[in-house]
Structure formats: C-alpha cells, structure tokens
Amino acid sequence: MDRIRISGGRKLNGSIPISGAKNATLPLMIASLLTDQTLVLENVPRLADVALLQRILGNHGVDVMVGGKRAGETQYDGQTLHISAAHIIDTTAPYELVSRMRASFWVIAPLVARTGEARISMPGGCAIGTRPVDLLIMALERLGAEIEIEGGYVIARARNGLRGGKVVFPKVTVGGTHTAVMAASLAKGTSVIENAAREPEIKDVADCLNKMGAKISGAGTSRIVIEGVARLFGARHRVVSDRIEAGTYAMAVAMAGGDVVLENAQPELLKAGLDVLVQAGAEITPTNAGIRVTRNGSGLAPVEVTTAPFPGFPTDLQAQLMALMTRARGTSRITETIFENRFMHVQELARLGARIQLEGETATIEGVERLKGAPVMATDLRASVSLVIAALAAEGETMVNRVYHLDRGFERLEDKLSACGAAIERING
Ligand code: UD1
C-alpha cells in the first residue's frame, strides 16, 4: 500500500489547479443511465472513485470511453468521458460493488425510472457512521415505486413508470435529493421536492439534466419542481469545480503559510469555509483565475464552527479545519451535526501532538505551540487529508499510511503540494 512522507515547515507558494468536483461527477455519471444516447462529461477528475463507478456502471451495460488528450492540455486538465447506456443489460447492483462506494446506491433512481425495475444492495455501514438510505427509499415511494427489501437488497418496481408526486424530506440529504430529481425527471406529471439539499453539486447535476431535456427548476434552492418528460437525450456538460478540494488547499496554505492561487476555484461555492479562514487569520482574495490565499507570519486565531448543509460550513471540511486549529493561539470548538462518528482523525492528530477533547458532537481543540511528525494512519478520505495538513506544519517527518483513501477524492495531491514547495512524496509499495 502506498504511503506519503511529509517533512513539515515549508511555506507554500505558487498555484494549484482545482479539479472537477468528485461529488458532482459521481451523480452525473449515474445520470447517464437515464438516456440511451451518449452523455459527454468534461473536467472529470482522475480519482479512484470515478474508476470504480465506471466499473459499477459497466456491470449495468454502460460503455465509458475516455477521450484522448487535446493539444495544449496539461496533466492537470480533467478527462472527458463519453458515457453510453444504450443497452441496459442488468438492473441489479451487487453487494460487492455497492459496499465499496455508497453513492453507487443512487443508480436505483435512473434504473427504476428508465426500465421499471432495480435491485440494489443496501450499502451497509461505513467508517463515518450508519448512513442509512431510508429517505432515498421514501422519495422513490412518493414517486410511485413499489419497494421491497429482501436478502439485503432494495427492490424498486414501477411497471407502468413512475408518476409525479410531492417529496418532503424531514432532513436535508444530498443523496436523497439526487435520487428524487433523477427519478422525477422521467416520471409522468409534475413533482415537487421540499427541503431539498442546496449543494452546488445538486444544481450542477440539474443543469446537466436540463441539457438532456429534463424540465427542472429551483435546483440550488430548497424547493425543486420537476415536470416529468417521456425521454431524455445525449448532452455535453463540464463538471463544476471542486469546492471541497479548494477549501482543503486553502486550509493547507493557512496552515503552512505562503501565497497560493487556487486556479478555477469558485469562491461563491465556498463562502462559509472562506469566512472561517478569514476569521482564523488568512487573507482571501477572489481573482480572475480563482482564489488567492495568503498567510504571513502572524499566528492563527481560534474559531467556533458548526457543520451544516450548504450554504453552511461543510462536514467535508471539518477534519481539515480541525487540523488547522491544532496550531491556533487559543481554544477552538467544532461541532459536527451531519454525520455521527466523523471524528476518527482526532486520535491520529493526537499522535502529532494535538490536544483535542471530544464530548458528544463537539470537539474542543486547544492550540499547541508545535506539532511533531509521527507515523499516522488515514481512516477515511477527509480524515486522511487532515493528517497531511497537520504534517505540513509539524516538525520533522510524518508518514501517512494507507493513502488509498486520499486517492478516492484528491487527484495528485502530492504533486499539487510539492509544486508549491512542500516536501511531500509518495512511496509506492
Ligand atoms: C453527500 C456527499 C458527502 C457529504 C454529504 C453531506 C457525495 C458523493 N457525497 O453524501 O461527501 O459529506 O453529502 O454533505 O455527494 N440520511 C438519512 N437517511 C437517508 C439518507 C441520509 O438519515 O436515507 C442522513 C445521513 O445519515 C446524514 C445526513 O442525512 O446524517 C446527510 O446525508 P446525505 O446528505 O444523504 O449524505 P450523502 O448524500 O451520502
């Protein structure tokens, strides 16, 4: 298994290209199941999760062709995928695949909408808590699917097609909203989704679906209205930039100090995260190229943050912020309200000398003068990258083990950071 070695203490200077968003790419690839024509996605990041979803879709009969490089493209330009679900050969998604990536459960919506049937394994637990699918099932039922649960599989049927309906989510769910929007796009009649997730990735997928012929309005707000259509068509769409990747590197710069432009980052998608960084003492300037992040010699100020659905502070940046606050001058408090058990990074950060106390959903972080390098282990995607951030400011060498989690969500992380002066390298093996 690969490891990443980091020697702390260097400033970051230069520019970091921000890739297309993983959390938009996955549902966009899944949306290709809604049409028998080709969906072309540009700016797709090279990530392990994208490759895995390619395999999962292949199981249903979807062909994915990776476009060749064009003249002038750099190694950081995203890939172009040509995805064709002309013939769906299997409507079952087996446990071996769904259990490896929860978001693949979302294929249930386009499969039942297009073919009238889907048999998808329940995803099971994962490292950040139970993550149930009850609300996704509720949404499909409200749109006319009959649901049975048998032998660990959710079986959804709609022999005569789905029909428009009203879906009111008792809790904001990104996956539930994607599921409802995709299903309603091919349902007969009009659907209304209340308390919908407002994440930019929801809007990006809805924009793409509209290019494919769907009639969706209100995506990006908490009320989405979908007028169902009989069929959808091929389209070409460019994946929105990854606000979580941008936020992560912004925190890395705040931690290490320096001056970095995050190319293609969209500040309006990351306001809550950037506001917290400004409070902590970083300077943030939107530029034509993206976002410029600087921090000079002055110390970091502590912050109090509670994670919340968009436009609140994202749970996907919670671990990274905690790493940053380990070096603040004073006591910070971070409360996690989206996922239970999303604090696995705490024990590992402690190995580097961080002082963090957990009480229920709240972590209290007492800033320390210095962190010291140590071997640490990555336990999930965001936790792993928080260890990298801490290591950038730790004295001596930190070895981050089990980095396959990082490869699920960060494209060429070590290249992007070393190009800005970090002493970071991957050790294969
Ligand atoms: C998506 C993101 C993930 C992010 C999360 C919250 C992708 C691929 N993943 O995950 O990176 O951390 O949004 O912003 O986009 N819930 C239920 N029942 C359900 C579904 C969800 O109780 O049927 C709960 C979850 O346990 C959690 C909350 O709702 O407490 C939010 O989860 P959700 O927004 O659905 O997360 P994902 O879509 O899985």
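Look up: the structure comes first, before these words.
Residues numbered from 1 in each chain as written. Predicted model: local features only at pLDDT ≥ 70, side-chain atom pairs only at ≥ 80, totals over all residues. Heavy atoms only, no water.

Topic: the packing of helix α1 (residues 22-31) against helix α2 (residues 48-59)
- Where α1 meets α2, the axes come as close as 10 Å, and the angle between the chain directions of the two elements is 10°. The orientation of α1 with respect to α2, classified from their angle, is roughly parallel. Along its contact with α1, which presents K22, T25, L26, M29 and I30, the element α2 presents D49, V50, L53, Q54 and L57. (Axes fitted to C-alpha atoms, helices over the stretch in contact; angles between N-to-C directions. Helix = DSSP H or I, 4+ residues; strand = E, 2+ residues; numbered from the N terminus. Parallel < 35°, antiparallel > 145°, perpendicular 65-115°, else oblique. Contact = heavy atoms within 4.5 Å.)

A few points about the nonpolar core
- Grouped together as the largest cluster of nonpolar side chains are 80 residues, with contacts concentrated most on I120, L209, I216 and I224.
- Here I120 is in contact with T91, A93, V98, F105, V107, I108, L111, G152, Y153 and V154, once residues within four sequence places are set aside.
- Ranked by size, the runner-up nonpolar core spans 71 residues in total, among them V368, A374, L387 and A393. (Core = buried A, V, L, I, M, F, W, Y, C linked by side-chain atoms within 4.5 Å. Buried < 20%, exposed > 50% of the residue type's maximum accessible area, 1.4 Å probe, protein only.)

Looking at the environment of A254
- Here A254 is to be found in helix α8 (residues 243-256).
- Considered as a pair, A254 and L300 are 46 residues apart in the sequence and their alpha carbons are 8.2 Å apart.
- Aside from chain neighbours lying at most four places away, what touches A254 is L277, A282, R295, L300 and L324.

Section: the site of the ligand
- Taken together, 19 residues sit near the ligand, with D134, L135, V174, D316 and I338 positioned nearest.
- Within the side chain of T173, one N or O atom sits 2.8 Å away from an oxygen atom of the ligand.
- Within the backbone of V174, an N or O atom sits 2.7 Å from an oxygen atom of the ligand.
- Alone, the ligand offers 750 Å² of accessible surface; in the complex the protein occludes 88% of this.
- A total of three residues in the shell around the ligand trace back to one element, the largest contributor, which is helix α5 (residues 134-142). (Near = heavy atom within 4 Å. Polar contact = N/O pair within 3.5 Å; in protein donor to acceptor, adjacent residues only side chain to side chain. Areas by Shrake-Rupley, 256 points an atom, 1.4 Å probe, with all protein chains shown as cover.)

Details of the packing of helix α6 (residues 174-185) against helix α7 (residues 200-211)
- Contact pair α6 / α7: the axes reach a minimum separation of 10 Å and the direction vectors enclose 15°. In terms of axis orientation, α6 runs roughly parallel to α7. When the axes of α6 and α7 are compared, the crossing they make is right-handed. Contacts between α6 and α7 involve V174, T177, H178, V181, M182 and S185 on the former and, on the latter, E201, I202, V205 and L209.
- Tallied by class, residues from the contact of α6 with α7 come to six nonpolar, three polar and one charged. (Left-handed = near helix turned anticlockwise from the far one by under 90°. Nonpolar A, V, L, I, M, F, W, Y, C, P; charged D, E, K, R; others polar.)

Comments concerning the sheet that holds strand β16 (residues 283-286)
- One open sheet accounts for four strands, arranged β2-β15-β17-β16; its pairing is mixed. The sheet is open, and its two edges are formed by β2 (12-17) and β16, each paired on a single side. Recorded for the sheet is a direction-independent mean angle of 15° between the axes of neighbouring strands.
- The sheet contact formed by strand β15 (residues 258-263) and strand β17 (residues 290-295) spans six bridges and is antiparallel. Paired with V260 across the bridge in β17 is V293. (Pairing = 2+ DSSP bridges.)

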